[in-house]
Amino acid sequence: MKSLKPQKTLVEQAYARILDAICEGVLPAGERVTQDELAARLQVSRQPVMSALGLLRQQGFLVERGRRGLQVAPADRRHFDAIYEFRSVVEPWAAGLAAERATPQQIERGRALVEKGKRVAAAGDAHATLQADIDFHGFIYEACGNPLVLESMQLHWQHLRRSMGEVLQRPRFTGKVWREHAAILDAIAAGDRRAASRLVAEHVREARERVGAELEAAERAGHSAISG
């Protein structure tokens, strides 16, 4: 007998759709969101939407604005910096563990992820490139063998999606990102813990600089639009 595959609940599906809309800019910062409108767009009852909105508010993707109700939260630079500080500690350590613990099957999966990432980046598919980037780092978290790493990083990556999408649309960045990923994978495959940790530390530091510069540019543009 084949095992049963549990279907996602309506709350989980509503949460995922609304989160995607926020991270991809379909629901931009400051946009007012209502249960009735979203329920109609998603073609579900208000109950799963209400539960999904409550979770998104708890996670910082939505904010309450008094009589104006729920709005999409602006990208928070302080939160962005906090995530990268956390990544700068956790990811080099995870990569070092992955160099010691990754199985041949996991290494093969990593190689497939790198090849896919290079392919979608060369094709200029920003959405697929961002997902490939998330998947590659998820591979490191899984290969390190500590489930708490994957669990703790999943939510942080959802916040990073909002800011990283713009950077990963730029060809001058995407090629370098995937060369760095390939080098990290080579170190993990070689079982070189020190090199894997060092390369990931450098990768995270440079990613913070790249994405941070884009956030600063967006903030300046927003202030200019307001003052103008």
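Residues numbered from 1 in each chain as written. Predicted model: local features only at pLDDT ≥ 70, side-chain atom pairs only at ≥ 80, totals over all residues. Heavy atoms only, no water.

Caption draft 1: Expanded view of the sheet that holds strand 2 (residues 62-64). If you trace the 3 strands from one edge of the open sheet to the other, you get 1-3-2, paired in antiparallel fashion. Bordering the open sheet on either side are strand 1 (32-33) and strand 2, each of which pairs with just one other strand. Looking at chain direction, strand 2 and strand 3 (residues 70-72) are connected through 3 bridges and run antiparallel. When the bridges of strand 3 are listed, V63 appears paired with Q71. (Pairing = 2+ DSSP bridges. Helix = DSSP H or I, 4+ residues; strand = E, 2+ residues; numbered from the N terminus.)

Caption draft 2: Examining the packing of aromatic side chains more closely. Counting across every chain of the model gives 3 aromatic pairs. Here F80 and Y84 contribute two aromatic rings whose centre-to-centre distance is 4.8 Å and whose plane-to-plane angle is 55°, an arrangement assigned as tilted. Residue F80 and its partner Y84 are both found in helix 4 (residues 77-101); the two are separated by 4 residues, about one turn of the helix. On the basis of relative accessible area, F80 is assigned to the buried category, the value being 5%. Taken together, a centroid distance of 5.7 Å and an interplanar angle of 45° make the contact between F136 and F139 tilted. (Phe/Tyr/Trp six-rings, centres within 6.5 Å; stacked < 30°, edge-to-face > 60°. Buried < 20%, exposed > 50% of the residue type's maximum accessible area, 1.4 Å probe, protein only.)

Caption draft 3: Just the nonpolar core, in detail. If you look at the biggest cluster of nonpolar residues, it comprises 44 residues, and the most contacted ones within it are Y84, F136, F139, I140 and I188. Elements with a contribution of two residues or more to this core: helix 4, helix 5 (104-122), helix 6 (126-143), helix 7 (147-167), helix 8 (171-189) and helix 9 (193-227). Setting aside anything within four residues of it in sequence, one finds I188 in contact with A95, A98, A99, A102, I107, F139, I140 and A196. Within the second largest apolar cluster, 19 residues are counted, among which are Y15, I22, L27 and F61. (Core = buried A, V, L, I, M, F, W, Y, C linked by side-chain atoms within 4.5 Å. Contact = heavy atoms within 4.5 Å.)

Caption draft 4: Looking closely at the layout of surface pockets. Approximately 300 Å³ is the volume attributed to the second largest pocket. Of all elements in the fold, only helix 6 and helix 7 reach the threshold of two or more residues within the lining of the second largest pocket. (1 Å grid on protein atoms, 1.4 Å probe; cavity = no way out; pocket = protein on both sides within 12 Å on 5 of 7 lines; lining within 4 Å. Points joined across faces, edges and corners; volume = space filled by probe spheres on them.)

Caption draft 5: Up close: the pattern of salt bridges. For the structure shown, the criterion picks out 16 salt bridges. Between E37 and R41 there is a salt bridge, with its nearest N and O atoms 3.7 Å apart. One end of the pair is E37 and the other is R41, both in helix 2 (residues 35-42) and 4 residues apart, which spans about a single turn. Via salt bridges that share partners, K176, E180, R205, E206 and E209 belong to a single interconnected network. (Salt bridge = Lys/Arg side-chain N within 4 Å of Asp/Glu carboxyl O.)

Caption draft 6: Just unusual backbone geometry, in detail. Residue Q43 is not a glycine yet carries a positive backbone phi of 60°. Along the polypeptide, Q43 turns up in the loop between helix 2 and helix 3 (46-58).

Caption draft 7: Region of interest: the packing of helix 1 (residues 10-23) against helix 3. With their axes 8 Å apart at the nearest point, helix 1 and helix 3 run at an angle of 55° to one another. Taken together, the axes of helix 1 and helix 3 lie oblique to each other. Note on packing geometry: the crossing formed by helix 1 with helix 3 is right-handed. Contacts from L10, V11, A14, Y15, I18 and L19 in helix 1 reach P48, S51, A52, L53, L55 and L56 in helix 3. (Axes fitted to C-alpha atoms, helices over the stretch in contact; angles between N-to-C directions. Parallel < 35°, antiparallel > 145°, perpendicular 65-115°, else oblique. Left-handed = near helix turned anticlockwise from the far one by under 90°.)

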